[in-house]
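Working through the structure, step by step
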Amino acid sequence: MSDWFILIFRNTHEVIKADAFLERENIKREVIPTPKFISSECGLCIKVWKDISDVVKILKEGGVVPLKIADSSFKEIWKAEGKT
Amino acid sequence: MEGGREDIIYLDNAATSFPKPKEVVEKAFEFITRSGANPGRAGHRLSVEASRILFECRKALSEMLDVEREERLIFTKNATEGLNVVAYGLLKDKKGNVVTTSLEHNSVMRPLRLISQNNPIEIRVAKAQRSGRLEPEKIEALIDEETVAVFVNHASNVTGTTLSIFEIAQITEKRGIPLVVDLTQSMGCMPLSFKGLSFTIPVFTGHKSLLGFPGTGGFYLPEAVEIEPLIVGGTGSNSENQWQPDFMPDKFESGTPNTVGIASLLAGVNWIKKKGVESIRKHEIELAKCFTELVDKHPQIEVYGHRDWPEKVAVVSVNVKDKDPAVVSLLLDREFGILTRAGLHCAPIAHETIGTFPTGAVRFAFGVFNSLKDAEYAAKALIKVAEGGVSYDS
């Protein structure tokens, strides 16, 4: 299992909002350009060094759920329900 | 404050506030010299910093409006653009009527006129009293099954009088009719709360009482109101798609935004929050009241609008008997360094309401950086002009 993941959002607004929540929770993360192998949805994404179930839980509480999550091999491993 | 000038007393704050707080100028300078990149496009650190400014400003403005979903706070270049987007979004290709008031600025009246020319939309105008008062019931009386939207001015840029927008919202909310509120003269100098309102759309400018740079403004679109954008294009999101995204704020924000202006606006809002809207309001009203009381009883001077200060902003329009407003304004500038605005203030219907159309009036608009001394000096100068103490011929 990879020790970091990539969170994909719909737009920059959600990236910045999610980043602020993760910062508040002291989670190691980095806002980076989205690898094109994963998505062309938004130019920015967040790389996190944390278990994804924790991350999703924090972000759900903050009202900013990622569209999808990829692992370190850029493979999609999680997708939000109802999001297209 | 940053800048300002010794040779003038600036009383045209209803057109744009001047000067701006030092923090506003510094923030804009810092932004353009240190993180002046395009937000939401590239993924480098400067672009991310620029995106953070937009996010923080959206959040700060949402808090000031007391609304929850900051992603639905849309930036525009001014209130006029916001009003156009909302007016077209609500009324284009619709049939019925739109209700508005006889105190509106042309930023409301002109989009409504143009839309009504090309769409079967009847414009119904609720007529205010000469004092600037307009009871919500008068607006309610014009609303029927065919009403598509209601547009109301919060504070008049001519009389400084306000309408009870939250009472009006009670009328429109229960019918599910969108209410567009023009906050151009009130946001930043009057406390506001749009909490719990599902069909009410506040529209604001950033460069007046919010103390940001010109080129900033916006509106808040509640979830229950669905409209189409007026301008579409690049958003930095969904780039594989040739169609406009339907999520917020991207749906309404195409093209590179005014990041320097938005940075200045963020600093302006933070400055206001630190000082307190109520304390700013108290100060400005004190000046407007002092000025009005000093000139009010003069036989040559007529002051417009009622004097019920809790229901006003610090805008006072006057006329000097038998003197052209432009002449009065020029003499105030040339002889006393007092900067006012003469004429119709882009609000012909408001001047019709107070009986000053087509020549208009002279407007004194006080701001947070004016002092009581400024108000007293302006009153004395106006009296001197009224009494013929200074000449237009020299």
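Here we come to helix 4 (residues 106-118) of chain B. Residue and element names in this part refer to chain B. Compared with the 18 Å implied by 1.5 Å per residue over 13 residues, the 18 Å span of helix 4 between its first and last C-alpha is a close match. Looking at helix 4, one finds that the buried residues are Ser107, Val108, Met109, Leu112 and Ile115. On its buried face, helix 4 sits against helix 3 (79-91), strand 3 (96-101), strand 4 (121-126), strand 5 (147-153), strand 6 (179-182) and helix 10 (348-354).

A word on the domain arrangement of chain B. Residues and elements named next belong to chain B. Segmenting chain B into domains produces domain 1 (9-20 + 276-386) and domain 2 (22-274). With 31 residues of domain 1 in contact, the opposing surface of domain 2 contributes 32 residues. Taken together, the elements giving at least two residues each to the side of domain 1 that touches domain 2 come down to helix 8 (277-296), strand 10 (315-320) and helix 10. A breakdown of the residues in the side of domain 1 that touches domain 2 according to their chemical character gives 14 nonpolar, 10 polar and 7 charged.

Moving on, we come to the packing of helix 8 of chain B against helix 11 (residues 372-386) of chain B. All names here are of chain B. Interhelical geometry of helix 8 versus helix 11 gives an angle of 25 degrees and a closest axis separation of 9 Å. On the basis of the axis angle, helix 8 is roughly parallel to helix 11. As for the relative orientation of helix 8 and helix 11, their crossing is right-handed in sense. Where helix 8 approaches helix 11, its residues Glu286, Leu287, Cys290, Phe291, Leu294 and Val295 are matched on the opposing element by Leu372, Ala375, Glu376, Ala378, Ala379, Leu382 and Ile383.

This part covers the interface of chain B and chain A. Contact with chain B, which involves 18 residues of that partner, is made by 15 residues of chain A. Taken together, the residues of the side of chain B that touches chain A sort by class into 6 nonpolar, 7 polar and 5 charged.

This paragraph deals with the sheet that holds strand 12 (residues 341-343) of chain B. All names here are of chain B. In space, the 4 strands of this open sheet follow the order 9-10-13-12, with antiparallel pairing throughout. Two strands lie at the open edges of the sheet, namely strand 9 (301-303) and strand 12, each paired on one side alone. With strand direction ignored, the average angle separating the axes of adjacent strands in the sheet is 30 degrees. Of the strand pairs in this sheet, strand 10 and strand 13 (residues 361-365) are connected by 4 bridges, and their pairing is antiparallel. Considered in strand 13, the bridge of Ser317 is made with Arg363. Across the face of the sheet, helix 11 comes into contact with strand 9, strand 10 and strand 13 while running at roughly 20 degrees to strand 10.

Below, the discussion takes up the pairing of strand 3 (residues 44-48) of chain A. Residue and element names in this part refer to chain A. Taking burial as the measure, the 5 residues of strand 3 include 4 buried ones, the bulk of the element. As judged from the 3 bridges shared by strand 1 (residues 5-8) and strand 3, these two strands associate in the antiparallel manner. Note on strand 3: the bridge partner recorded for Phe5 is Val48.

Here we come to the packing of helix 1 (residues 22-34) of chain B against helix 7 (residues 259-275) of chain B. What describes two packed helices is the angle between their axes and the distance between those same axes. Residues and elements named next belong to chain B. Between helix 1 and helix 7, whose axes approach to 8 Å, the crossing angle comes to 145 degrees. Considering only the axes of helix 1 and helix 7, their crossing is right-handed. The residues of helix 7 that touch helix 1, namely those facing Glu23, Val24, Lys27, Ala28, Phe31 and Ile32, are Thr259, Val260, Ala263, Ser264, Leu266, Ala267, Gly268 and Trp271. A per-class count over the contact of helix 1 with helix 7 returns 9 nonpolar, 3 polar and 2 charged.

Parameters and conventions
Residues numbered from 1 in each chain as written. Chains lettered and ligands numbered in written order. Predicted model: local features only at pLDDT ≥ 70, side-chain atom pairs only at ≥ 80, totals over all residues. Helix = DSSP H or I, 4+ residues; strand = E, 2+ residues; numbered from the N terminus. Expected span 1.5 Å × (residues − 1). Buried ≥ 20, exposed ≤ 12 C-beta atoms within 10 Å, placed from the backbone. Contact = placed C-beta atoms within 7 Å. Domains from an automatic or database assignment. Nonpolar A, V, L, I, M, F, W, Y, C, P; charged D, E, K, R; others polar. Axes fitted to C-alpha atoms, helices over the stretch in contact; angles between N-to-C directions. Parallel < 35°, antiparallel > 145°, perpendicular 65-115°, else oblique. Left-handed = near helix turned anticlockwise from the far one by under 90°. Pairing = 2+ DSSP bridges.

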